[in-house]
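Structural overview for review
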Amino acid sequence: MAPTTCLCIGFLLLLGHGSMAELQAERGLGLEPVAPSSGCEFTFDKLQPLEPLPKLKAEAGTVEHFNDTNHQLSCAGVSLIRVVVDSRGLVLPSFTNGGALIYAIKGSGFVGVTFPGCPETPYSHLKEGYVATVPAGDSVWIYNDGGKPLEMLVLFTTSGKANKLWPKNRDFNLAGSSENGRKNIFNGFTAESLSESLGISQFLATKLQGPTDKRGPIVRVPAGLTPEQQPWLQASNSVGALKPNASNASPVYNSNAQLVLYVTGGSFRRLQVVDNRGIAVFDGVLRQGQPLVMPQYYVALAQAGKDGAQYVVFKTDAYPVTNYIAGWGSVLRSFPVGVIAAAYNVSTADAIKIKNSGGGGASVKLVGSYA
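Note that the structure is predicted; figures quoted are calculated from it, not measured.

Let's talk about the overall build of the chain
Check the secondary structure of the chain and you find six helices and 23 strands. A sequence separation of at least 24 residues applies to 77% of the contacts in the chain between residues at least 6 apart. Put simply, the chain shows about 17600 Å² of open surface, and 56% of that area lies on carbon and sulfur atoms.

Considering the environment of V299
Locating V299 in the fold gives a position in strand β21 (residues 299–315). Its relative accessible area of 24% is what places V299 among the partly exposed residues. Between the alpha carbons of V299 and G278 there is a distance of 9.5 Å; along the sequence they are 21 residues apart. Excluding residues within four positions of it along the chain, V299 makes contact with P251, V252, Y253, Q272, V273, V274 and I325.

Quick notes on the state of the cysteines
Evaluated as defined, the whole model comprises one disulfide. At a sulfur-sulfur separation of 1.9 Å, the disulfide partner of C40 is C75. With the S-S bond torsion at -85°, the cross-link from C40 to C75 turns out left-handed. Highlighted residues: C40 in the loop between β2 (20–24) and β3 (51–52) and C75 in helix α1 (residues 72–76), separated in sequence by 35 residues.

A look at the packing of aromatic side chains
Applying the stated rule across the entire model yields three aromatic pairs. Considering the side-chain rings of F66 and Y262, the 6.5 Å spacing of their centres and the 75° angle between planes classify their relative orientation as edge-to-face. Here F66, found in strand β5 (residues 61–67), pairs with Y262, found in strand β18 (residues 259–274); they are 196 residues apart in sequence, far enough to count as distant. According to the relative accessible area criterion, F66 is buried, its value standing at 8%.

What about the nonpolar core?
In terms of nonpolar packing, the biggest core is built from 40 residues, with F268, L271, V273 and F314 touching the most fellow members. One finds A58, V63, L150 and M152 within the second-largest nonpolar core, a separate group that totals 23 residues.

Here's the deal with unusual backbone geometry
With glycine set apart, most residues show a phi of negative sign, and most peptide bonds adopt trans. Positive phi, close to 65°, is recorded for R88, a residue that is not glycine. Among the structural elements, R88 can be located in the loop between β6 (78–85) and β7 (89–96). Here the phi dihedral of N245 falls at roughly 65°; this positive angle occurs in a residue that is not glycine. Position of N245 relative to the elements: it lies in the loop between β16 (237–239) and β17 (252–254). By relative accessible area, N245 is classed as partly exposed at 44%.

Cut-offs and rules
Residues numbered from 1 in each chain as written. Predicted model: local features only at pLDDT ≥ 70, side-chain atom pairs only at ≥ 80, totals over all residues. Heavy atoms only, no water. Helix = DSSP H or I, 4+ residues; strand = E, 2+ residues; numbered from the N terminus. Contact = heavy atoms within 4.5 Å. Areas by Shrake-Rupley, 256 points an atom, 1.4 Å probe, with all protein chains shown as cover. Buried < 20%, exposed > 50% of the residue type's maximum accessible area, 1.4 Å probe, protein only. Disulfide = S-S within 2.5 Å. Phe/Tyr/Trp six-rings, centres within 6.5 Å; stacked < 30°, edge-to-face > 60°. Core = buried A, V, L, I, M, F, W, Y, C linked by side-chain atoms within 4.5 Å.

As structure tokens, this is what we get:
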């Protein structure tokens, strides 16, 4: 079947020029608003930046999880890891029970996604600031073709229509072993069964199982790797940034998505997140390398540090709705002057100032279009 007749779509790359990219899911990823369980009732009453746990080493890279003692990520319906792949390193093929978003913080490489019914793997070139989307259940591999380490942030979904297995991320490895010692799926079958089913020798069947493979999920390819197919389906978006010591022009909230904010450069000298009680559930500094879960409807206001703030925002809905309190197209701008004057007990002149406050909306905004 030719690639054009396969449903090899939904694998997109977005471009963020060293600043901020709002990463949302495409159709089929299963990224959806999550209704927190009773166990999550108090999780979002006080938000906490997540700190990285000790790195898990593989032959050609590292995997880093985050300490989420308050279960903020699971209550938001996502999980998050940071992966560093050495030059000529290959992240072995695997698939998960939810969709994934792969954001390149530094470096470059190839990302290949195997779609159902497609005999060959379409791939795209992942560069700094780009994001690759991987639908739930589709196998993916990543190869670092550059001379520098490829650093990525990977967000997995753990709930939604695509995942009816369990509200927890599950990796199904197709080769090698995972960082916690789990074997790949072939290891669960007998070599005899694999040999007969695939029409290969038992020796090759045993190689598929990799019973003695200790390289981990990222392996080195000494001779290098050149993808066999042409690049497939790329797109780019231009984005803005928060300048040094600048504030976003308006408090902002998302009405249909949970958010995970991750600082890729600089810092926020002050980030405030307010809940429905009018209480700041987070009011503090957010530094490079720290993720923060921002719940649906919670309102945020940010001030960049002296070196500015570069960050990425993952949103758990295919069509996220962002609401600005002030500025063009905002909540306050839509109110009649009389409503504002009565609501805040101010004069008409002051109501006009309030109505027209906030400049031009958010100072960081995703622009451009998909190819």
